[in-house]
Amino acid sequence: MGKTISEKIIGEHAGKEVSAGDIVVARVDVTAVQDGTGPLAVQQLRKIKLVEAKNPDRTILFIDHAAPSPNKDLSNAHNILRQFAKDTGVILSEVGEGVCHQRLVESYVKPGDILIGADSHTCTSGALGAFSTGMGSTDVAIGIALGKTWLRVPETFKINVTGKFQKGVYAKDLILHIIGMIGADGATYKALEFSGETIRNMTMSERFTLTNMAVEAGAKTGLVESDEVTRRYLKEMGREDEFRPIKADEDAVYERIIDIDASAIEPVISAPHTVDNVKSIKDLTGTKVDQVFIGTCTNGRLDDLKIAANVLRGKQRHPDTRLIVTPASKQVYIQALEKGYIQTLVEAGAAVMAPGCGPCVGVHQGILANDEVCIATQNRNFKGRMGNPDSYIYLSSPATAAAAAIAGEIIDPREVL
Ligand SMILES: CC(C)[C@H](C(=O)O)[C@@H](O)C(=O)O
Ligand code: SF4
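Quick caveat: nothing in here was measured; it's all calculated off a predicted structure.

Overview of the sheet that holds strand E9 (residues 191-195)
Moving on, step 1. The strand order across the open sheet built from four strands is E10-E9-E8-E11, with neighbouring strands paired in parallel fashion. At either margin of the open sheet sits one strand with a lone partner, and together these are strand E10 (221-223) and strand E11 (256-261). Between one strand axis and the next, the sheet turns through 20° on average, direction left out of account.
Moving on, step 2. Alignment of E9 against E10, held across three bridges, turns out to be parallel. Within E10, the residue paired with glutamate 193 across the bridge is leucine 223.

Regarding the UniProt feature "binding site: [4Fe-4S] cluster" (unreviewed entry) in the protein
Moving on, step 1. Under the UniProt annotation, "binding site: [4Fe-4S] cluster" (unreviewed entry) lies at Cys297, Cys357 and Cys360. The named residues occupy 64 residues along the chain; their greatest pairwise C-alpha distance, 9.7 Å, places them in one compact cluster.
Moving on, step 2. Looking at where cysteine 297 falls in the secondary structure, it is placed in helix H10 (residues 296-299).
Moving on, step 3. Setting aside chain neighbours within four positions, we find cysteine 297 in contact with Val99, His101, His121, Asn212 and Asn379.
Moving on, step 4. Exposure remark for cysteine 357: the relative accessible area of 8% places this residue in the buried category.
Moving on, step 5. Ignoring sequence-local partners within four residues, the contact set of cysteine 357 consists of Asp64, His65, Val99, Phe293 and Thr296.

Examining the site of ligand 1
Moving on, step 1. Every residue close to ligand 1 is listed here: Gln34, Thr37, His65, Asp119, Ser120, His121, Arg380 and Arg385.
Moving on, step 2. Interatomic distance of 2.6 Å between a side-chain N/O atom of aspartate 119 and an oxygen atom of ligand 1.
Moving on, step 3. Histidine 121 places a side-chain nitrogen or oxygen 3.4 Å from an oxygen atom of ligand 1.
Moving on, step 4. Taken by itself ligand 1 offers 310 Å² of open surface, and the protein chains cover 74% of this.

What counts as what
Numbers given for residues are sequential positions, taken from 1 along each chain in its written order. Here chains are named by letter from A upward and ligands by number from 1 upward, in the order in which they appear as written. Per-residue local features of the predicted model are confined to residues with pLDDT of at least 70, and side-chain atom pairs are confined, for both listing and counting, to 80 or more; whole-chain, interface and lining totals are unaffected and use all residues. Excluded from the side-chain calculation are hydrogens and water; included are all heavy atoms of the structure. Any two strands are treated as partners once DSSP identifies two or more bridges connecting them. Comment: elements are numbered from the N terminus, with helices defined as DSSP H or I runs of at least four residues and strands as E runs of at least two. Here an axis means a line fitted to C-alpha atoms, over the contact stretch when the element is a helix, while the angle between two N-to-C directions is reported on a 0 to 180 degree scale. UniProt positions are given in the numbering used here, feature names are shortened, and annotations may be inferred rather than shown by experiment. Contact criterion: two residues are considered in contact whenever any of their non-hydrogen atoms come within 4.5 Å of each other. In this scheme, a residue with accessible area under 20% of its type's maximum is buried, one over 50% is exposed, and one in between is partly exposed, where area comes from a 1.4 Å probe on protein chains only. Here a residue counts as near a molecule or strand whenever at least one of its heavy atoms sits within 4 Å of it. Polar contact is defined as a pair of N or O atoms within 3.5 Å, subject to the rule that within protein one atom must be able to donate a hydrogen and the other to accept it, and that residues adjacent in sequence are counted only when both atoms are side-chain atoms. Computed with the Shrake-Rupley method and a 1.4 Å probe, the accessible areas treat only the protein chains shown as cover for residues.

Set out below in structure tokens:
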């Protein structure tokens, strides 16, 4: 019987053939924590006197959620990570390096790997053909020390996408459409395998946007087979030798197959306060916007900043609308500087932040005021997400967000493209 991508990768790491539903102990290739979840992981390891890492050169501690630190407590938490890195030789990703999930796909994860990370959007790396999933701090702590973890092999939903996007429609609109269709708990504990000609024709950046948000449908991971697009991406990252093709068998068994015609998708937005509250843009035009945020592990990459710069070139943000831009990593920031995207965005009135999570999770750099509305290219819009429960967050593509920065309200991005 054929195997899905998850069954193949987990089987290789468990040293035996596995099927959906099996519970196994599997070797782990890459482990990661961030500055919100890492201190607890370190404290647990120190408590059981297991201050070591099985694979120090593939264990990374990321300072990205509160980078640079906005207060002394977070600064002291950051130093817990800095000291653990010194004590064990694991990698510390410092302030200014970027968001964990972007750095993981740039430098640390390769096709066929198992990655466990103490952050729910660890599934992002699945676009490289790696089994990547978020876990709690303690589970990841054990994975760091022992180089293995227990896993239940997930059933897989095959998301088969064909056709071409209309103008003004992007990978973000596709993943929001999917989440709206199956619901925030529609794929709980499943693997989402994205396939079909539309996916094959996507860039890695677009694929990362899809897998990043798999968890917003409840999924354990999101996956794309590794192909020539993957190889080219790894070559750009100086890691072509790490490429290997990973794909599901033709006769793999899927719990559900969802066919989607990409050409039928319109620009959409997730409206407050849940990600699956997906609306057609025409139902929301005219909604006043106080803040636009472009960035994050979902849509803070070079092509995202290019889309935003192309919309805003020669324009000004609306005087009543703030525009915050956060490149997803230092590499993205440097390339966006070299290509002039940052200058264009600053000239349009953007406040550009250091690479990292920025205001995404409500720690700093753009806390909303009471009754304010923010349209963001991030992946969550829960009540209070950006630091104020009395504010409203809409999720969109970079084009829709940039269009709102000009108009001061939600408009159809096709009006400015
Ligand atoms: C703060 C962290 C626990 C959280 C996550 O795990 O996803 C954050 O990254 C998020 O995006 O909500
Ligand atoms: S950018 Fe946002 S979604 Fe991504 S890891 Fe940071 S807080 Fe989480």
